[in-house]
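Okay, here's what each chain looks like letter by letter:
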Amino acid sequence: MPSTLNLAISSPSHNLILKPNQNFLLLPSAKPILSSNRRTTALTTTALLSSNKEAVLKDFHQHRALKVISGLQNFDKTNVASVVTAADKGGATHVDIACDPELVKLAIGLTSLPICVSSVDPTAFTAAVEAGATMVEIGNYDSFYEMGRVFTSDEILKLTKETKKTVPFVVLSVTVPHMLSLPDQAKLAELLEQEGVDIIQTEGGKCSSPSQPGVLGLIQKASPTLAAAYTISRAVKIPVMCSSGLSAVTAPMAITAGAAGVGVGSAVNKLNDVVAMIAEVRSIADSLNAKKTVLEDTALRSYL
């Protein structure tokens with residue numbers, strides 16, 4: 001049985017004890033000291049924060065991230081619980097929920113996956129991070145488009161700067177609106193990278209109206225976000241997450257286009273029961289794993 005650990009935070013002006021379930025990402029700059037019965041190890045806060053970020057970003061760096069999205073304005077606990085369970089059991093790497101502390105606590109009770117919270121209000125992130133969220137997202141604008149609300153590049157940059165001040169040590173993902181032309185999407189992505197954003201997320205499913213059924217229709221549905229992923233991934237060095245309108249058919253195409261991961265929402269959260277949700281997540285996860293195997297085999301053959 002491991003010994004009990006206490007995390008003491010000390011600095012010239014602070015002498016804090018990390019309370020149970022308190023997220024160290026919100027603590028002031030300080031020098032943590034990890035003590036046990038056997039040894040006391042001094043660690044810098046920077047090292048702790050870097051380690052936490054790396055853990056959240058690991059699957060993006062491996063080009064295998066799969067984030068399941070419940071919806072920015074979905075506060076239905078039953079549905080959110082089903083989506084989180086599906087992400088956990090279906091093989092996802094991250095789960096994205098509305099920015100609400102109670103939903104975060106609910107999700108933590110159901111999964112050990114990194115939990116991302118989405119909002120367009122930077123002041124809402126603090127409470128969610130205190131509750132245990134390890135990633136924040138400015139985006140998932142689809143519900144706003146339905147109300148006629150759009151977001152400009154200047155507005156998104158302002159939200160980004162405010163968020164960096166509010167939760168500076170948390171992994172930050174920002175969605176680039178599909179309403180912008182592809183060159184303007186790339187330009188905004190470059191500016192967001194300069195602001196210290198960790199992940200760029202694409203979108204486009206809402207603006208696509210497939211004219212064909214079946215596989216062809218699925219490809220048509222995904223074409224705007226695939227085009228954005230291709231364009232943006234060549235403009236920035238940070239990971240790009242391709243999201244909106246994807247399926248098991250098109251998720252591997254996103255990785256080929258240059259994305260480091262994919263995000264799926266309505267393909268999962270609109271299903272009627274958790275078993276169907278798990279099956280859909282598993283189908284998408286399997287398609288990504290198959291793509292990874294093909295890439296590895298290709299790399300091996302080129303080496304030989």
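The rules we used
Residues numbered from 1 in each chain as written. Predicted model: local features only at pLDDT ≥ 70, side-chain atom pairs only at ≥ 80, totals over all residues. Heavy atoms only, no water. Patch = residues over 30% accessible without salt bridge, like charges linked within 9 Å, V, L, I, M, F, W, Y side chains within 5 Å. Areas by Shrake-Rupley, 256 points an atom, 1.4 Å probe, with all protein chains shown as cover. Salt bridge = Lys/Arg side-chain N within 4 Å of Asp/Glu carboxyl O. Helix = DSSP H or I, 4+ residues; strand = E, 2+ residues; numbered from the N terminus. Pairing = 2+ DSSP bridges. Axes fitted to C-alpha atoms, helices over the stretch in contact; angles between N-to-C directions. Contact = heavy atoms within 4.5 Å. Phe/Tyr/Trp six-rings, centres within 6.5 Å; stacked < 30°, edge-to-face > 60°. Lys NZ or Arg CZ within 6 Å of the ring centre and 35° of its normal. Expected span 1.5 Å × (residues − 1). Bend = angle between axes of the 7 residues up to and from the residue. Buried < 20%, exposed > 50% of the residue type's maximum accessible area, 1.4 Å probe, protein only. Parallel < 35°, antiparallel > 145°, perpendicular 65-115°, else oblique. Left-handed = near helix turned anticlockwise from the far one by under 90°. Nonpolar A, V, L, I, M, F, W, Y, C, P; charged D, E, K, R; others polar. Polar contact = N/O pair within 3.5 Å; in protein donor to acceptor, adjacent residues only side chain to side chain.

Colleague: Give me a nonpolar patch on the surface: which residues, what numbers.
Modeller: On the surface, a cluster of nonpolar side chains totalling about 210 Å² of accessible area is made up of V215, I219 and M253. Mapped onto the elements of the fold, V215 is located in helix 8 (residues 214-233).

Colleague: Describe the sheet that holds strand 11 (residues 240-243), listing the residues and the values that go with them.
Modeller: Reading around the circumference, 5-6-7-8-9-10-11-12 is the order of the 8 strands in this closed barrel, with parallel pairing throughout. Adjacent strand axes in the sheet meet at a mean angle of 25°, parallel and antiparallel pairs treated alike. With 3 bridges connecting them, strand 9 (residues 171-175) and strand 10 (residues 199-201) associate as parallel partners. Bridging across to strand 10, S173 finds its partner in I199. Taken strand by strand, helix 8 contacts strand 10 and strand 11, and its axis lies near 170° from that of strand 11.

Colleague: Talk me through the packing of aromatic side chains; I want residue IDs and the actual numbers.
Modeller: Enumeration according to the criterion identifies 3 aromatic pairs in this entry. Aromatic ring contacts, followed pair by pair, group Y141, F144, Y145 and F151 into a single cluster. For R149, the ring lying beneath its charged end belongs to F151, and the centroid distance is 4.1 Å. A cation sits over an aromatic face here: R234 above Y230, 3.6 Å from the ring centre.

Colleague: Give me helix 8: which residues, what numbers.
Modeller: Spanning 20 residues, helix 8 covers 28 Å between terminal C-alpha atoms, matching the ideal 28 Å at 1.5 Å per step. The largest bend in helix 8 amounts to roughly 50° and is located at S223, with the proline P224 lying one to four residues further along. Among the residues making up helix 8, those that are buried are G217, A222, T225, L226, A228, A229, I232 and S233. Elements that come into contact with the buried residues of helix 8 comprise helix 7 (182-194), strand 10, strand 11 and helix 9 (251-257).

Colleague: Explain the packing of helix 2 (residues 77-90) against helix 3 (residues 101-108) to me, using residue names and the numbers behind them.
Modeller: Working note: a packed helix pair is described by the angle between its axes plus the distance between those axes. Running from amino to carboxyl end, helix 2 crosses helix 3 at an angle of 40°, the nearest separation of the two axes being 10 Å. If you check the angle between helix 2 and helix 3, you find them oblique. Where helix 2 crosses over helix 3, the handedness of that crossing is right-handed. Contacts between helix 2 and helix 3 involve K77, V80, A81 and V84 from the former and E102, L103, L106 and A107 from the latter. Broken down by class, the residue content of the contact of helix 2 with helix 3 amounts to 6 nonpolar, no polar and 2 charged.

Colleague: Lay out unusual backbone geometry with the relevant residues and their values.
Modeller: Look at H63: it is not a glycine, yet its phi comes out positive at around 55°. Mapping H63 onto the fold places it in the loop between helix 1 (45-61) and strand 5 (65-69). Of the residues examined, H63 reaches a relative accessible area of 41% and is grouped as partly exposed. Here S244, not a glycine, exhibits a phi torsion of approximately 90°, which is positive. Within the secondary structure, S244 sits in the loop between strand 11 and helix 9.

Colleague: How would you summarise helix 2 if you had to cite specific residues and measurements?
Modeller: In a regular helix each residue adds 1.5 Å, so 14 residues correspond to 20 Å; helix 2 covers 19 Å between its end C-alpha atoms and thus fits that length. Those residues of helix 2 that fall on the buried side of the exposure criterion are N79, V80, A81, S82, V83, V84, A86, A87 and G90. Capping the start of helix 2 is the job of one residue whose side-chain oxygen sits 3.0 Å from the backbone nitrogen of T78: D76. At the C-terminal side of helix 2, G91 shows a positive phi close to 100°.

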